[in-house]
Amino acid sequence: MICTSPVGMTWDTETRRGHLLITLTFLQLIAWSTPFPALTGSGPLYGPNDFVYVLNASTIQNMVFYSDRAWLVEFFSSWCGHCVQFAPVWKQFATDLKEWRSMVMVAGIDCADDLNVGSCREFEIMGYPTLKLFPKNAKRNVTSEGKSVLNTGEVFQRPNSMVLLKNNLIDALIPMFPQTLVAFNESFSKNLLTPKSFWENPEFSNGAQFLLLVYENSDSHAGLEVALRLSNYQKSCRVVRFNEKNPMYLRLSLDGWPAAGYISKDGTFGSLILGNNQDIIDLLTKAVIGLAQITQIEELPWSEVVGETHKGLKGSGGGALENYDNIPSNLEDKVSTEDLLHTVRNLLRNEVGLLQKIDGPKLVALKNFVSILSQYFPSDRREVQVFLVKLSDWIRHQREIENYKYLEKLNDMEIGRASCRERV
């Protein structure tokens, strides 16, 4: 589900009362779509203590292009109920992936911030939340229809399960970082008869002192995730993945499937016991760190991690959103005029403004929507009423509206700065 503007709606209700009911119901649904007080200025969804790195219009292109890491970016709107509900999930997802920081950054940019609207439009964001993946070393410009245009990233589908989201990301990352995982083909793996034969292979003659051997099905992601978790320690250890049994499976006295063992360059080797009810990924990661005597790196929030590589470019934002369990129980579902004004302004400027051209059924829907607002919007502020009447009158005479003309007109007719300041 995404939060979208009413531009795609058709208005065929026969009475004005019906129009009013639909309009106000739509606005109330937006305001009531979450129990969080997002529309009343509760602060940003992500803060500096989270592992979600907060981007903005000034930093996004410097970060996601020509980076030695991939970037998975959530384009969200802080007033969108679905985004607010998704925020704790995204923060937990970012926390789970903190050990992958040498390969991927989990980030977000607030498209409801007026300063970021232009960037979100450049990246062709049409709904919230939208996830986009920018691969390692992504170029700023790509060729489309013979023209050089901005690389807007790859839309990354958001499945219902975070496990699927993680697995999809793993599948995307492994080809970008082939050095993370060693996967031998069937014929070659049969030649690996002894622990010594591994070290004689050029794949391991370059620094690794410890090998984790994982035997699992080809569609399993356990070994792949362990490799990503250990990506910060590639100089010390490597993960080797097999999809069938081979001589080393017997040499390590492994049993069952999946199975895992280890080989150290000092000559020691052995098997690892995988319990039926244990978290195999966590078990293998901890086993390697312990057996290889690896000194773990302190896991810092993304803002500090990126700050080490990109001096001075740190995430913006205030305190983190509270967990669901910490939400006060006395929050009331009320919609104030300020909430409605804030929502309408975002709809007209940030949502409708995303369309490159408004014509046909979309223009008809917009004309009806603004007309109903101009007649029935519950505000006693004269400047609001004048603004909506003038906007409705202008739109009523248009046959099609180009994006730049629409935004220019909004700027010309915008409610005075004094009355807008509370809602920006």
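Now for a quick tour of the structure. Note that the structure is a prediction, hence the values are computed from the model and not measured.

Focus on helix H5 (residues 162-173)
Stage number 1. Here H5 spans 16 Å end to end across twelve residues, near enough to the 16 Å set by a 1.5 Å rise per residue.
Stage number 2. Of the residues making up H5, those classed as buried are Leu165, Lys166, Asn167, Leu169, Ile170 and Leu173.
Stage number 3. Buried residues belonging to H5 abut strand E2 (70-76), helix H3 (81-96), strand E3 (104-110), strand E4 (130-134) and helix H8 (222-229).
Stage number 4. The N-terminus of H5 is capped by Ser161, whose side-chain oxygen sits 3.1 Å from the backbone nitrogen of Val163.

Regarding the state of the cysteines
Stage number 1. Enumeration over the complete set of coordinates arrives at one disulfide.
Stage number 2. The residue that forms a disulfide with Cys111 is Cys120, at a sulfur-sulfur distance of 2.1 Å. Taking the torsion about the sulfur-sulfur bond, which here is approximately -90°, the covalent link between Cys111 and Cys120 counts as left-handed. By the burial criterion, Cys111 is buried, and Cys120 matches it.
Stage number 3. Looking at Cys83, it has no disulfide partner, and the nearest cysteine sulfur is the one in Cys80, 3.4 Å off.

Section: the packing of aromatic side chains
Stage number 1. Overall, the coordinates contain twelve aromatic pairs when judged by the stated rule.
Stage number 2. A ring pair is formed by Tyr46 and Phe76, whose centres lie 5.4 Å apart and whose planes are at 90°; its orientation type is edge-to-face. One end of the pair, Tyr46, is in the loop between helix H1 (16-32) and strand E1 (53-55); the other, Phe76, is in strand E2, and 30 residues separate them in sequence.
Stage number 3. We classify Tyr46 as buried; its relative accessible area is 2%.
Stage number 4. Put simply, the rings of Phe65, Phe75, Phe123 and Phe134 touch in pairs and so form one group of aromatic residues.

Side note on the pattern of salt bridges
Stage number 1. Per the counting criterion, the structure on display carries eight salt bridges.
Stage number 2. Arg241 is paired through a salt bridge with Glu216; the nearest N and O atoms lie 2.5 Å apart. One end of the pair, Arg241, is in strand E10 (residues 237-242); the other, Glu216, is in the loop between strand E9 (210-215) and H8, with 25 residues separating them in the sequence. For the pair formed by Arg241 and Glu216, the shared burial category is buried.
Stage number 3. With a shortest N-O distance of 3.7 Å, Arg229 and Glu225 are connected by a salt bridge. Highlighted residues: Arg229 and Glu225, both in helix H8, separated by four residues, approximately one helical turn. Neither Arg229 nor Glu225 differs from the other in exposure class; each is buried.
Stage number 4. Counted as one network, the salt bridges with shared partners bring together Glu99, Lys166, Glu225, Arg229, Asp282 and Lys286.

As for the sheet that holds strand E7 (residues 154-155)
Stage number 1. Taken in spatial order, the five strands line up as E1-E3-E2-E4-E7 in an open sheet, and their pairing is mixed. Two strands in the sheet have a free side with no partner beyond their single neighbour: E1 and E7.
Stage number 2. Two elements, E4 and E7, share two bridges in a ladder whose sense is antiparallel. Its bridge partner being in E7, Lys132 is matched across the sheet by Val155.
Stage number 3. Lying on the sheet, H3 is in contact with E2, E3 and E4; it crosses E2 at an angle near 160°.

Focus on the pairing of strand E6 (residues 147-150)
Stage number 1. Here four bridges tie strand E5 (residues 141-144) to E6, and the two strands are oriented antiparallel to one another. If you follow Ser144 over to E6, its bridge partner there is Lys147.
Stage number 2. Where E5 hands over to E6, the hairpin turn is made up of two residues, of which Glu145 adopts a positive phi near 55°.

Concerning the packing of helix H14 (residues 382-396) against helix H15 (residues 403-413)
Stage number 1. At a minimum axis separation of 11 Å, H14 and H15 run at an interaxial angle of 150°. Classified by the interaxial angle, the pair formed by H14 and H15 is roughly antiparallel. When the axes of H14 and H15 are compared, the crossing they make is right-handed. Contact residues: H14 offers Phe387, Lys390, Leu391 and Trp394, while H15 offers Lys405, Tyr406, Lys409, Leu410 and Met413.

A few points about the packing of H3 against H5
Stage number 1. Interhelical geometry of H3 versus H5 gives an angle of 45° and a closest axis separation of 11 Å. Comparing their axes, H5 and H3 come out oblique. Here H3 runs over H5; the crossing is right-handed. Contacts from Phe86, Val89, Trp90, Phe93 and Asp96 of H3 reach H5 at Met162, Leu165, Lys166 and Leu169.

About the thresholds
- Residues numbered from 1 in each chain as written.
- Predicted model: local features only at pLDDT ≥ 70, side-chain atom pairs only at ≥ 80, totals over all residues.
- Heavy atoms only, no water.
- Helix = DSSP H or I, 4+ residues; strand = E, 2+ residues; numbered from the N terminus.
- Expected span 1.5 Å × (residues − 1).
- Buried < 20%, exposed > 50% of the residue type's maximum accessible area, 1.4 Å probe, protein only.
- Contact = heavy atoms within 4.5 Å.
- Polar contact = N/O pair within 3.5 Å; in protein donor to acceptor, adjacent residues only side chain to side chain.
- Disulfide = S-S within 2.5 Å.
- Phe/Tyr/Trp six-rings, centres within 6.5 Å; stacked < 30°, edge-to-face > 60°.
- Salt bridge = Lys/Arg side-chain N within 4 Å of Asp/Glu carboxyl O.
- Pairing = 2+ DSSP bridges.
- Axes fitted to C-alpha atoms, helices over the stretch in contact; angles between N-to-C directions.
- Parallel < 35°, antiparallel > 145°, perpendicular 65-115°, else oblique.
- Left-handed = near helix turned anticlockwise from the far one by under 90°.

Just geometry here; none of it tells us what the structure is for.
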